[in-house]
Amino acid sequence: MLWLKRWNFIERAKLERELWDAFEARQDPDAKLAELRAWIDAADPADPALGDQRFRLEVWTTTLARIRKIETMMAGKKR
């Protein structure tokens, strides 16, 4: 049912929120992506969780680009 998750905005939002929460907790989102990529690279191709983790990587990569864009915009603003 991975194809269904890909089109379900709630599932996508949950995954996006994971990365946003990590960012807000001052965790390094780049490190989280690297950790996930390493897991995917080391995973057995027959592992049923591999598809879900690849989907997570896709969503996190897109979310990280948004985070970086917002960081850039906010860097120019004064408080």
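Going by the structure above, here's the rest.
None of these values were measured; they are calculated from a predicted model.

1. Let's talk about the nonpolar core
As a rule of thumb, soluble globular proteins bury nonpolar side chains together.
(1) Moving on: Of all hydrophobic cores here, the largest spans 13 residues; its most connected members are Leu15, Leu19, Leu33, Leu36, Ile40, Leu57 and Trp60.
(2) Moving on: Every element with two or more residues in this core is listed here: helix H2 (9-24), helix H3 (29-42) and helix H4 (50-75).

2. Focus on the pattern of salt bridges
(1) Moving on: One pass over the full model with this rule turns up eight salt bridges.
(2) Moving on: Here Arg17 ties to Glu24 by a salt bridge, and the two come within 2.9 Å at their closest N and O atoms.
(3) Moving on: Judged by its relative accessible area of 51%, Glu24 falls in the exposed class.
(4) Moving on: Put simply, Arg17, Asp21 and Glu24 are held in one network by salt bridges that share partners.

3. Description of the packing of aromatic side chains
(1) Moving on: Under the definition given, this model contains one aromatic pair.
(2) Moving on: Note on Trp20 and Phe23: the rings are 5.9 Å apart at their centroids and 85 degrees apart in plane angle, and the pair reads as edge-to-face. Taken together, the residues span about one helical turn, with Trp20 and Phe23 both in helix H2 at a distance of three residues.

Calculation notes
- Residues numbered from 1 in each chain as written.
- Predicted model: local features only at pLDDT ≥ 70, side-chain atom pairs only at ≥ 80, totals over all residues.
- Heavy atoms only, no water.
- Core = buried A, V, L, I, M, F, W, Y, C linked by side-chain atoms within 4.5 Å.
- Buried < 20%, exposed > 50% of the residue type's maximum accessible area, 1.4 Å probe, protein only.
- Helix = DSSP H or I, 4+ residues; strand = E, 2+ residues; numbered from the N terminus.
- Salt bridge = Lys/Arg side-chain N within 4 Å of Asp/Glu carboxyl O.
- Phe/Tyr/Trp six-rings, centres within 6.5 Å; stacked < 30°, edge-to-face > 60°.

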